[in-house]
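One letter stands for each residue in the lines below.
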Amino acid sequence: MTRPRNWLTTALRLVAGIAIAVPAALLLGASPAAAHPMPHSVVQLDVSKASVTARLELPVGDFSTASGVDLNSTEQGALPAKAAAVRTYLGEHISPTTLKGEAWQVSIGALSLSSTEQTSTGPYRELIATAVLTPPAGADVRHFTLDYDVIVHQVVTHVALVSVRQDWAAGQVSEGSVTQVGTVRVDVRHMTVPPLTVDLGDGSAWHGFLAMVELGGDHILTGTDHLLFLLILLLPAPLLATRGRWHGQVGARAALVRIGRITLAFTVGHSVALAATAIGRLEIPGRPVEAFIAASIVVGAVHAIRPLFPGREAVVAGVFGLGHGMAFSFVLAEMQLSTGQLVFSLLGFNLGIELVQLLLVCLALPSLLVIARLRIQPAVRVGGALLTGTAAVGWLADRLGAPNPVARAADSAGSHTIPMVVTLALAAIAAVGWTLATRATRRRALSETVEGGLRLRLRLRPRPGARPKTDVETDMDVDVDTPSRVAVER
């Protein structure tokens, strides 16, 4: 006879069974990567008019396992000896085709090794490779099938993230803006690696043009060195130079003309250099150009303290603007655009620069005119010039190969664009308000003086060289009681 089970014993056994079964199911159902996360691959696409350039970021450990090319202990200097094997493996596992199945041409380019880190995996070494994917003549570069199984065909837990880094025709040109396309991974039910269908939509020149306008505006807004050069030249524009010093001020109209000429000359200078360098596809080394820009700011800062070229600021702005335009062209050179795209990009990029530059000059203009009329003008001018000159010297040293904290601090100022624009706007509002209040006060004082009566004594003397009719000087008293009644006593 079987003894009946106690209900408490049954319940305990049930709880124990659940406690064992749940962890076992989790362990058996989880992938090996869940126990120890492994780094994934990254495939970033740069889409041009006739081809797609893929940047591959591959974990060295998984790549060595999948390819049989051991790079675990390989340093950058020894990589060329294994480059042929690496390129052969990559070429065999990257096979883009048209949607109709026509094969694209694949060319594996530069290879390099570096160290990086992912949030879930910590630091690791990666292989960086470039692959140029070229479709058949007449094929659509924006819609294709990417048959890609690098590493994934052997390491079943591996995942490759595919994204678009640059696509001019879709308006994606800014650094850091990445659009996810899809993922490449093993289909565990069939143990195959399905190809990825890439659909980039319909691009247009208009999208590219608008994106370049935005990029140009952002470039000048975050380009602290370009802004400092222009503003430091404008700072003494409302002042008069006498005997090697800034003393006194010109009229408001003359100051506006000077500021307009300086701004226009700088615009013409950098626009000409930008167009010539970009359209001519000139390869100009970046370091000398950047050092030239820093030196131009130093010259401008010295000029703001002591006039070096009074009245010729526009000429200097145009000459130095050539160097700034060469620096602007580096942005376009990195995009590898077709000739048609380059023309639209040049127009849009330059337009964006000019629009933001005009906005900032208009915001700074009221403050420049008001500061020139205040007693604190010398302190503001010299202090601003010293601060700007210090930043420029730091940049110059950094760009000549001597990194320093001054340059890093000056570069970081470009990340605070919103506070800068807000400050300029508030200063402009305050300057306009001060000007209106000052004019109102003067008019009110003049009105009160005229209404209260005014007596003037004028002394009339013969003109020099003229034959006087009398040797006696004449005094004339003028009483002004109201604007409409003038009494003269002689």
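Structure's up top.
Scoring rules and cut-offs
Residues numbered from 1 in each chain as written. Predicted model: local features only at pLDDT ≥ 70, side-chain atom pairs only at ≥ 80, totals over all residues. Heavy atoms only, no water. Axes fitted to C-alpha atoms, helices over the stretch in contact; angles between N-to-C directions. Helix = DSSP H or I, 4+ residues; strand = E, 2+ residues; numbered from the N terminus. Parallel < 35°, antiparallel > 145°, perpendicular 65-115°, else oblique. Contact = heavy atoms within 4.5 Å. Nonpolar A, V, L, I, M, F, W, Y, C, P; charged D, E, K, R; others polar. Pairing = 2+ DSSP bridges. Left-handed = near helix turned anticlockwise from the far one by under 90°.

Draft legend 1. Quick look at the packing of helix α3 (residues 60-67) against helix α4 (residues 83-93). At a minimum axis distance of 11 Å, the contact between α3 and α4 shows a crossing angle of 80 degrees. Put simply, α3 runs roughly perpendicular to α4. For the pair α3 and α4, the contacting residues are F63, A66 and S67 in the first and V86, Y89 and L90 in the second. Looking at side-chain class alone, the contact of α3 with α4 contains 5 nonpolar, 1 polar and no charged residues.

Draft legend 2. Geometry of the sheet that holds strand β9 (residues 196-199). Overall, antiparallel pairing links the 3 strands, which are arranged β3-β6-β9 in an open sheet. Each end of this open sheet is capped by a strand with a single partner; those strands are β3 (94-97) and β9. Strand-to-strand twist across the sheet, computed as the mean angle between neighbouring axes with direction ignored, equals 25 degrees. Bridge count for strand β6 (residues 143-148) against β9 is 4 bridges, and the pairing is antiparallel. What sits directly across from F144, in β9, is V198. Helix-sheet contacts for α4 involve β3 and β6, and the interaxial angle to β3 is about 35 degrees.

Draft legend 3. Expanded view of the packing of helix α9 (residues 313-333) against helix α10 (residues 339-371). At their nearest, the axes of α9 and α10 sit 11 Å apart, and the two run at 135 degrees to each other. Taken as axis vectors, α9 and α10 run oblique relative to one another. Of the two possible hands of crossing, α9 and α10 adopt the one that is right-handed. Contacts between α9 and α10 involve F328, V331 and L332 from the first element and L342, S345, L346, F349 and I353 from the second. Residues of the contact of α9 with α10, tallied by class, amount to 7 nonpolar, 1 polar and no charged.

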